[in-house]
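Chain by chain, the residues:
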Amino acid sequence: MQHFASDSSLVNNARPANSNLASRLSLPRVSLVIPTLNEAENLEWLLPRLPSWIFEVLIIDGCSTDGTVEVARRLYPGVRIVTEERRGKGVALMTGFEAASGDIIVMLDADGSMNPEEIIVFVAALMSGADFVKGSRFIQGAGTIDMTFIRMLGNWGLTLAVRALYGGTFSDLCYGYIAFWKKHAPQLRSDCSGFEVETVLNIKALQNRLKIVEVPSFESLRLHGESHLSAIPDGWRVLKAIMGEKFAAKPTKSMVAAE
């Protein structure tokens, strides 16, 4: 698998960073996929903090009415806007994966809860040989201030369910800070429309025997607006997705051979 920066196919098309990181390393092209629905205020905080070596930023917007698209274009002139009229985070992410043109795809929430400075940690893990890298809030160096006891308990129970049914050693299942090589996008394809897509991506990575690495990540509070997440209904959807994937068709030989 050709994952390392010395691979001639991973030409450094990134813009030079202020720290001269890009001048010292040959970086893969990194595409950020950011789903949005009325996140204008949060983008004011997020977009100026993105690393300057990012190859492209894709805003997958669900027909926002608060000026999200205008704010994105003002703060990040090179941003790519993809309008997605169908509702749901899962739909937005699949649209973003298809539109991304970089070597690496990084999923990032728009609400300010994920630290964009951690992106380099995900990219480094991929460049070191991983196929699929996911953030964890429950390993050394990580944490969260955005989980109620009920949500934390539910996440742990769902994590144990995936371990029991699919194997693996995930420490945190329902967290959407994820990065992977673009070439694996077909293996991660999902029809899920809601927040359960994050769980399904993890399961598909296991099913397709991708090399998975967890890295520590700290989750902050949403900066502005109300969360679209509802603990009990979305937890039920995650559980149904876990069981549904267990009895769905297994990956084909051609999919495994594509790794």
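Note that this is a predicted model, so its numbers are computed, not measured.

Asker: Run through the overall build of the protein chain, naming residues and quoting values.
Answerer: In terms of helices and strands, the protein chain carries nine helices and nine strands. Counting across all 259 residues of the protein chain, residues that qualify as buried make up 51%. Partitioning the intrachain contacts of the protein chain with sequence separation of at least 6 by distance along the chain shows that 75% fall at a separation of at least 24. Entry remark: accessible area of the protein chain is about 12,100 Å², with carbon and sulfur atoms responsible for 56%.

Asker: Run through the packing of aromatic side chains, naming residues and quoting values.
Answerer: Per the counting criterion, the structure on display carries four aromatic pairs. Judged by centre distance (6.5 Å) and plane angle (70°), the rings of Tyr175 and Tyr177 are edge-to-face. Note on accessibility: Tyr175 and Tyr177 belong to one class, buried. Among the aromatic residues, those joined into a cluster by ring pairs are Phe97, Phe132 and Phe180. Between Arg29 and the ring centre of Phe55, over which it is positioned, the NZ or CZ distance is 5.3 Å. Sitting over the ring of Tyr166, Lys246 keeps its end group 5.4 Å from the ring centre.

Asker: How would you sum up the sheet that holds strand 7 (residues 178-181)? Please name residues and give values.
Answerer: The pairing of strands in a sheet happens through backbone hydrogen bonds and is either parallel or antiparallel. In spatial order, the strands read 3-2-1-4-7-5-8; together these seven strands make up an open sheet with mixed pairing. With partners counted over all chains shown, the strands left at the sheet margins are strand 3 (80-83) and strand 8 (212-216), one partner each. Strand after strand, the sheet turns through a mean of 20° between neighbouring axes, direction not considered. Bridge analysis of strand 1 (residues 30-36) against strand 2 (residues 56-61) gives six bridges, and the strand direction is parallel. Note that in strand 2 the partner of Pro35 across the bridge is Ile60.

Asker: Can you tell me about helix 3 (residues 68-75), naming the residues and giving the values?
Answerer: Turning to helix 3, its buried residues number three or more, namely Thr68, Val69, Val71 and Ala72. Projected down its long axis, helix 3 shows its buried positions confined to an angular sector of 165°, all on one face. Lining the buried residues of helix 3 we find strand 1, helix 2 (40-46), strand 2 and strand 3.

Asker: With reference to specific residues and values, describe the pattern of salt bridges.
Answerer: One pass over the full model with this rule turns up 13 salt bridges. Glu198 is the partner of Lys89 in a salt bridge, and the nearest nitrogen-oxygen pair spans 2.4 Å. Of the two residues, Lys89 sits in helix 4 (residues 89-99) while Glu198 sits in helix 7 (residues 197-207), which places them 109 residues apart along the sequence. Across the pair, exposure class does not vary: Lys89 and Glu198 are buried alike.

Asker: Give a description of the pairing of strand 4 (residues 104-107) that names residues and reports values.
Answerer: Side chains Ile104 and Val106 project from strand 4 onto one buried face, and the interleaved Ile105 and Met107 project onto a second face that is buried too. Across four bridges, the pairing between strand 1 and strand 4 is parallel. Across the sheet, residue Val30 finds its bridge partner in strand 4, namely Ile104. One ladder, built from four bridges, connects strand 4 with strand 7; its direction is antiparallel. Bridging from a neighbouring strand, Val106 pairs with Ala179 of strand 7.

Asker: Explain the environment of Ile34 residue by residue, including any values.
Answerer: Tracing the sequence through the fold places Ile34 in strand 1. Of the residues examined, Ile34 reaches a relative accessible area of 0% and is grouped as buried. Sequence separation of Ile34 and Asp111 is 77 residues, and the distance between their C-alpha atoms is 9.8 Å. Excluding its chain neighbours within four sequence positions, the residues that come into contact with Ile34 are Leu46, Val57, Leu58, Ile59, Ile60, Leu108, Asp109 and Ala110.

Conventions we followed
Residues numbered from 1 in each chain as written. Predicted model: local features only at pLDDT ≥ 70, side-chain atom pairs only at ≥ 80, totals over all residues. Heavy atoms only, no water. Helix = DSSP H or I, 4+ residues; strand = E, 2+ residues; numbered from the N terminus. Buried < 20%, exposed > 50% of the residue type's maximum accessible area, 1.4 Å probe, protein only. Contact = heavy atoms within 4.5 Å. Areas by Shrake-Rupley, 256 points an atom, 1.4 Å probe, with all protein chains shown as cover. Phe/Tyr/Trp six-rings, centres within 6.5 Å; stacked < 30°, edge-to-face > 60°. Lys NZ or Arg CZ within 6 Å of the ring centre and 35° of its normal. Pairing = 2+ DSSP bridges. Axes fitted to C-alpha atoms, helices over the stretch in contact; angles between N-to-C directions. Arc of directions from axis to C-beta. Salt bridge = Lys/Arg side-chain N within 4 Å of Asp/Glu carboxyl O.

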